[in-house]
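Below, each chain spelled out in residue letters.
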Amino acid sequence: MNIFYTVFDIPKTPINSKHKSLAYKCTTMLKSCVMYACLVLFFFISGNSFGQNKYKLITSTSDLVAGDKYIISSAQSGTSAQLLGYQNTNNRPQATTGAPYTISSNIITATPATVNTDNASPYEITLGGSTGSWTLYDAVNSGYLYAASTSSNFLRNQSTSTTWTITFSSNAAVMTSTAIASRNILKYNSSSSLFSCYSSGQSSIYLFRKAYTVNYDGNGSDGGTVPSDASSPYFLNTTVTVLGAGTMTKSGNTFAGWNTAADGSGTAYAAAATFSITSNVTLYAQWTPTGGKTVTFNGNGNDGGSMSPQTASSSTALTTNAFTKTGYTFSKWNTVADGSGTDYADGATYSFAADMTLYALWLINNYNVVYDGNSPSSGTAPV
């Protein structure tokens, strides 16, 4: 009697309920194992890059910005950098995940800890305060770093803020806690593989400030080279100038700028446009079919939403409206802003025989006021 089942299929007519229950449990377990194996394989192939950040070496007090995040390193270059790790009782052991770290072109790539039970990853420090009175906040541990003893080399964490002075010497960061008068300089102890506070000796430390990348995606390009931003990564709120297409081409198409979404539904940028960077950004090339015509969508008083121009060379359904206007409902499109031109329904098919601008038409929302007499003894409630 054959009771063997495939990994993902249970026979429609099982031998009996006992076998059916067993098969179901086995199938569920096998599915879970396969899914887990796939996830493990994915992270192995990708080099465990999920959650990785870029940090750029700083060597000047002008790059100390309250609110920005930093990591502390034992080196400014090379392949043997160690990074400040978790908080134990009296100091900060070096991170072990990915260690030692490689610094390439003044950049460290690392995945910071997100929970305080992580004893392997590096920890980010958020800078607070101002010149001469900086604070070093460890958001994962919800506390501030400080030098804790004049008789022992302690670097601890507490809920009350204490300040530091930060200067630079030969690119190294000189970070001195003002909480105590001695054993208060943050250093790296290579013999003990930890970061703590000392009066003298030990190894210098280096500050790396979190930075954000701008990547360009050819989005179907089949010739030339996709541009690469030599200035990336950028510090928070830095102004980025968008690159042009360079030598990148796509057969049968003309380059039409960039967009934060591959399908053009995000924020559009022309070459040489600028924006302030607040996160990692990928810009996707947008392509216009050669000989095609373009429909431009105008919100006509909208106060929300955005739409990219639509280009095609044959009859195509118009892009569905994405504009919004408070207190109004979208009605239709028209070739004239006041509605005196030709109407087009949302998603209507257009021949794309000519360029055209369509204006959103809006209907004001109406609301009713109803009066309730609330059980009156006589008369009628007003209407």
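The structure contained in this document is the topic of the report that follows. Residue positions are counted from 1 within each chain, in the order its sequence is given. pLDDT decides what is reported in this predicted model: residues at 70 or higher carry local features, side-chain atom pairs at 80 or more are listed and counted, and totals for whole chains, interfaces and linings draw on all residues regardless. Working from all heavy atoms in the structure, the side-chain values ignore hydrogens and water.

**A few points about the sheet that holds strand β19 (residues 253-259)**
Here comes step 1: Ordered by their spatial adjacency, 4 strands build an open sheet running β16-β22-β19-β20, and the pairing between neighbours is mixed. Single-partner strands in this sheet number two, and they are β16 (214-217) and β20 (268-269).
Here comes step 2: For two strands to be treated as a pair, DSSP must find no fewer than two bridges joining them. Only DSSP runs of H or I reaching four residues or more are called helices, and only runs of E reaching two or more are called strands; each is numbered from the N terminus. As judged from the 5 bridges shared by β19 and strand β22 (residues 281-289), these two strands associate in the antiparallel manner. The residue of β22 that forms the bridge with N259 is Y284.

**Re unusual backbone geometry**
Here comes step 1: Of note, the amide linkage connecting A99 to P100 takes the cis form, showing an omega dihedral of -10°.
Here comes step 2: For P100, the location among the structural elements is in the loop between β4 (92-93) and β5 (101-104).
Here comes step 3: One non-glycine residue, S105, lies in positive phi territory at about 50°.
Here comes step 4: By the element assignment, S105 lies in the loop between β5 and β6 (107-110).
Here comes step 5: For S105, a relative accessible area of 69% gives the class exposed.
Here comes step 6: Even without being glycine, Q202 reaches a positive phi, approximately 65°.
Here comes step 7: Looking at the element boundaries, Q202 is found in the loop between β14 (194-198) and β15 (206-212). Relative accessibility thresholds used throughout: buried, under 20% of the residue-type maximum; exposed, over 50%; partly exposed, between the two (1.4 Å probe, protein chains only).

**Some thoughts on the pattern of salt bridges**
Here comes step 1: Only one rule defines a salt bridge in this text: a Lys or Arg side-chain nitrogen within 4 Å of an Asp or Glu carboxyl oxygen. In the structure shown here, the tally under the stated rule is 5 salt bridges.
Here comes step 2: When the shortest N-O distance is used, the salt bridge between E124 and K210 registers 3.8 Å. With E124 in the loop between β6 and β7 (125-130) and K210 in strand β15, the pair connects residues that are 86 residues apart, well separated along the chain.
Here comes step 3: We classify E124 as buried; its relative accessible area is 14%.
Here comes step 4: Judged by relative accessible area, which is 15%, K210 ranks as buried.
Here comes step 5: Measuring nitrogen to oxygen at the nearest pair gives 2.8 Å for the salt bridge that ties K332 to D343.

**Details of the packing of aromatic side chains**
Here the distance between the centres and the angle between the planes together describe a pair of aromatic rings.
Here comes step 1: Note on aromatic pairs: the rings of Phe, Tyr and Trp (six-membered ring only in Trp) are paired at centre separations within 6.5 Å, and the planes decide the class, stacked below 30 degrees, edge-to-face beyond 60, tilted for the rest. Under the criterion given, the structure shown has 12 aromatic pairs.
Here comes step 2: Seen in terms of ring centroids, Y137 and Y144 are 4.8 Å apart; in terms of plane orientation they differ by 55°. Their pairing is tilted.
Here comes step 3: Classification of Y137 as partly exposed rests on a relative accessible area of 26%.
Here comes step 4: Members of the aromatic cluster, joined through ring pairs, are F297, F323, F330, W333 and W362.

**A short note on the nonpolar core**
Here comes step 1: In this text, buried Ala, Val, Leu, Ile, Met, Phe, Trp, Tyr and Cys residues form a nonpolar core when linked through side-chain atoms within 4.5 Å. Counting 28 residues, the largest nonpolar core has I72, I166, M175 and L207 as its most contacted members.
Here comes step 2: When residues no more than four places from it in sequence are discounted, the contact partners of I166 are T61, L64, L127, W134, L136, V174, M175 and L207.
Here comes step 3: Listed in part, the 16 residues of the second largest apolar core include Y212, Y269, F275 and W287. Whether two residues are in contact is decided by their heavy atoms: any pair within 4.5 Å suffices.

**Overview of the sheet that holds strand β26 (residues 328-334)**
Here comes step 1: The strand order across the open sheet formed by 5 strands is β24-β23-β29-β26-β27, and the pairing between neighbours is mixed. Of all strands in the sheet, those with a lone pairing partner are β24 (310-312) and β27 (343-344), marking the two edges.
Here comes step 2: Alignment of β26 against strand β29 (residues 356-364), held across 6 bridges, turns out to be antiparallel. Looking across to β29, one finds that F330 is bridged to W362.

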